Amino acid sequence: MADFLGQYGFLIVTLVQAGLLGLSLYFPLQAGQLSLASPGFYAVGGYVAAILLTNPVFAGVRETLGNGMFPLTWLAAALLCGLLGVLVGVPALRLRGIYLALATIAFVEILRVVSLNLPITGGAIGIFGIPQAFGFQDRWQYIWLFGPLLLLTLLFARQLERSRVGRAFRAIREDELAADAMGVPPTRYKVLAFVIGAVLAGIVGAMSAPFLNTWNAKQGTFDASIAILAFVLIGGSRNIWGPVVGGALLTAIPELLRFLADWRLVINGLVLVVASLYLPQGIVGALEGVRHPPPPRRPPSVPVVVEAPGGGS
Amino acid sequence: MELSQFLQNVLNGLAIGSVYAIFALGYTLVFSILGIINFAHGAVFTLGAYFTYTLVVGQFENNGLLKGINLFPDGSPFSGTPWLFALATLVGAVVAGLVAVLVERLAFRPMRARGADPLLALVSSLGVALVLVNLIQLLVGAEIYNFPSDAYGQVQPALSFQVGDRVVIVRTVQIIIFAVSLVMLAILGYVIGRTKVGKALRAVAENPGTASLLGISVDRFILITFFLSGFLGGLAGTLVGTAFGVAGPYFGVTYGLKGLAVIVLGGLGSIPGAVVGGLVIGLAEAFVPAQYSAYKDAVAFALLFVILLVRPQGLLGRAQIQKV
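Residues numbered from 1 in each chain as written. Chains lettered and ligands numbered in written order. Predicted model: local features only at pLDDT ≥ 70, side-chain atom pairs only at ≥ 80, totals over all residues. Heavy atoms only, no water.

Draft legend 1. Main features of the overall build of chain B. Looking only at helices and strands, chain B features 11 helices and 4 strands. Its C-alpha atoms give chain B a radius of gyration of 20 Å, near enough to 20 Å, the size a compact globule of 324 residues would have. Its C-alpha atoms put chain B at 60 × 50 × 35 Å along the principal axes. Of all 324 residues assigned to chain B, the portion counted as buried reaches 54%. Considering only contacts within chain B whose residues lie at least 6 apart along the sequence, 74% involve residues at least 24 apart. For chain B, the exposed area adds up to about 13,800 Å²; of that, 65% sits on carbon and sulfur atoms. Averaged over its 17 positive side-chain charges, chain B has a centre that lies 15 Å from the centre of its 12 negative ones. (Helix = DSSP H or I, 4+ residues; strand = E, 2+ residues; numbered from the N terminus. Rg over C-alpha atoms; globule rule 2.2 N^0.38 Å. Buried < 20%, exposed > 50% of the residue type's maximum accessible area, 1.4 Å probe, protein only. Contact = heavy atoms within 4.5 Å. Areas by Shrake-Rupley, 256 points an atom, 1.4 Å probe, with all protein chains shown as cover. Lys, Arg positive; Asp, Glu negative; His and termini not counted. Charge placed at Lys NZ, Arg CZ, Asp CG, Glu CD.)

Draft legend 2. Structural detail: the interface of chain A and chain B. With 49 residues of chain A in contact, the opposing surface of chain B contributes 49 residues. For the pair chain A and chain B, the summed buried area comes to about 4,600 Å², and 79% of that belongs to carbon and sulfur atoms. Linking chain A with chain B are 0 salt bridges. At the junction of chain A with chain B, the criterion picks out 3 residue pairs in polar contact (both at pLDDT 80 or more). Ranked by residues supplied to the side of chain A that touches chain B, first place goes to helix α5 (residues 97-117) of chain A with 12 residues. (Buried area = accessible area lost by both parts, 1.4 Å probe. Salt bridge = Lys/Arg side-chain N within 4 Å of Asp/Glu carboxyl O. Polar contact = N/O pair within 3.5 Å; in protein donor to acceptor, adjacent residues only side chain to side chain.)

Draft legend 3. Highlighting the environment of glycine 242 of chain A. All names here are of chain A. Mapped onto the elements of the fold, glycine 242 is located in helix α11 (residues 241-256). When its relative accessible area of 0% is taken as the criterion, glycine 242 is described as buried. Distance in space between the C-alpha atoms of glycine 242 and glycine 22 is 8.5 Å, their sequence separation being 220 residues. Discounting residues that sit within four places of it in the chain, glycine 242 has contacts with Phe231, Gly235, Gly236 and Val284.

Draft legend 4. A look at the environment of tyrosine 250 of chain B. Residue and element names in this part refer to chain B. As for its position among the elements, tyrosine 250 is in the loop between β4 (246-247) and α9 (251-266). A C-alpha to C-alpha distance of 7.5 Å links tyrosine 250 and threonine 46, two positions 204 residues apart in sequence. Not counting the four nearest positions on each side in its chain, tyrosine 250 is found in contact with Val133, Asn134 and Gln137.

Draft legend 5. How the structure looks around the packing of aromatic side chains. Residue and element names in this part refer to chain A. Under the counting rule described, the total for this entry stands at 28 aromatic pairs over all chains. Here a set of aromatic residues connected by ring pairs shows up, and it is made of Phe10, Phe70, Trp74, Phe134, Phe136, Tyr142, Phe146 and Phe211. If you follow arginine 139 out to its NZ or CZ, it ends over the ring of phenylalanine 211, 5.9 Å from the centre. (Phe/Tyr/Trp six-rings, centres within 6.5 Å; stacked < 30°, edge-to-face > 60°. Lys NZ or Arg CZ within 6 Å of the ring centre and 35° of its normal.)

Draft legend 6. Examining the environment of asparagine 146 of chain B more closely. Residues and elements named next belong to chain B. Mapped onto the elements, asparagine 146 comes out in the loop between β1 (144-145) and β2 (159-163). The class of asparagine 146 is exposed, set by a relative accessible area of 52%. As for asparagine 146 and phenylalanine 231, which are separated by 85 residues in sequence, their C-alpha atoms are 21 Å apart. Discounting residues that sit within four places of it in the chain, asparagine 146 has contacts with Tyr53, Phe244 and Gly245.

Draft legend 7. Up close: the nonpolar core. Counting 188 residues, the largest nonpolar core has Phe146 of chain A together with Leu260 of chain B as the members making the most contacts within it. The biggest single contributor to this core is helix α9 (residues 186-212) of chain A, with 15 residues. Leave out the neighbours within four places in its chain, and phenylalanine 146 of chain A touches Val13, Val16, Gln17, Leu20, Val204, Met207, Ser208 and Phe211 of chain A. (Core = buried A, V, L, I, M, F, W, Y, C linked by side-chain atoms within 4.5 Å.)

Structure below.
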C-alpha cells in the first residue's frame, strides 16, 4: 500500500484537483455562462497561500497560528477570489457566449503578465520553498485536503441544483430573456454562479501551493483555461460528475500514455478531437444516454451561429 | 515625447500592427462564415514560418526527427535573391492554407455534419492545434530558427531620416512587412468586395441556408474560406519569423491570443474591423514606455477588456438585437 501511494499518490491527488477545477468552471456553466477564468482565480488563490506561508511580513502570524495558518490561507484565498469575482463578474457578465469566454481569457492573460512582473509574486521565478501543509511527509497525504473538498463541493452542487437558486441558474441557461421576463433577475444569479466558481478555484489554488511546493505564473495560463474547459466538455457539462470524470481522465491520459514518450501530447490532441466528435454530451452524458435515451434530435440544417453580444434588455 | 520618438513608435507600431491585421483576418474570415473561433489558427501561423524556413534552408538543428536531413545538398533553389525568398514565402503560405483546409475537414466538417454544439468544435480545433504544435516539436525540436540574414537579399538598406536632433530608423524588414500586408489587404478587399467568389462568400456568411437554396455550394466556400485563412496565417508567420526568428513550436500561441484580442476589438466577423484592430493594438504596444515593456503583452488584453465593457460589439461590429 505504501509503495502504491508512493508511486501513484501524487497522480491520484492531481486527478482530484483536476476534477475540482473542472467543477469551478461547471458552476458558471450551470447558469449558461462560459467563463474561462478558473485558472486566473486558481493562480490568485495559490499566490495568496504562497505569500502568506513564505513572506517574512507574515512570520509573526505564522508563529502564533501554527497549523491554523493553512485554513487561514484557504479563507483568505476564498475571500479575495470572491471579491475579485464580483469585480470582474459584474461588468464581464454583461457579455454573452464567446464574448464572455474571450473577456475571461483576457482577464487570465492580464493576471499572468502582472504576476510575472510584480516583486511580491516573485516575478518570473515565482515563489518557492512553500512549507508542506500540516507537516505532511508525503504528497499523497494531500488527499486528506482535496478529497473532503471534492465531497463537500459535490454535496453543495447537488443541494444547489435542487434549490431555488439552482433552478434559477437553469432557467437562465435555457433562456435568459424568458427567465428575466418570469422575474428571475439574471445579473444577480449570473454573478453568483461566477463567484461560486471563483471561490472554489481560489481555495483549490491555496491548497495546491503547498502541494506543489512552488508557485509561479505558469499556474494560470490560457493553456490551463483550455485544459479545464476540455475537462468539463469531455466529461459532460450537464451533470456534476462530468467535470470530475473528465478532469480525472484527461489528467490521467498523458500519464497512461507515458510509454508513447514524445508522441503522447499528439495523442492527447487526437483524444480531444475524437471525444468531441463521438461524445458530444460528454462521457457522463453518454452513460446517462444509455440509461435514458434522449428524444431524437433533428440536426440543424445551417451551421450554428454563436450568440451575438448584447447589453441585456 | 519628442517628435522623433513619436514617429519611431508610429512606424514600429504600423509594421507589427499590419502583421496582426493579416493574421487576425484569417480568424475573422472563419468566424464570419462559421461563427466559430478556430483555435488552430496560431498553429497554422507557426507552420507557415516553418514551411518557408524548410524551403529556404532545408535543414534543421540538433533536435527532432528531421535532424541531419538535408533537403537540398546543392543549396536551396529558393535562396539567393529576394524574389526567390518571396516565392518561398508564397509556397509556405499556400501549404499553410492547405493545412487549414485539412483542419476544416478533420475538426469542423464532421461537427457541422452532426449539428454539434459550437463549443465542441472549439475544443476539437484545440485538439488539432495540440496535435500540430507537438508534431512540429517532434520533427524539428524546440530551438529558435533564424532565417538567413540575407533572406531579403540586396533590397535597399534600412531607411533612416533625421528629425530634430535624432535619427528615426525603419528596418528593411518592417517596410517589407508593411508593404506585403497592404498588398494582401488590397487583394483580399478586391476578392471579397468585387468578385463572384467574394459575393458567394458574403452570401454564405450572411445566411448559409439561403445561400445553399440559391445554388451556392456552402461546403466548398467554407473550404475556400479556410484556405484563405490559412494562407494569411502562414504568410503572417513567415513575416514575423523574418523579423524576430522562428521561436520554437509555440511561436504562434502568443499571436493566436493577440489575434483574438484584435478581432474582438475590431468587431467579430468584421474584415475592416480586423485591420483597424490590428493597427490599434500594434500602435498601442509600440507606445508602451521602455521601462514598462514587460507589460507589453498585457496591452492587447487590457484594451480588449475595456472595449468589451464599453462597446461589446467591437469598434466596427454590428450590434445585434436580442429576441426571445
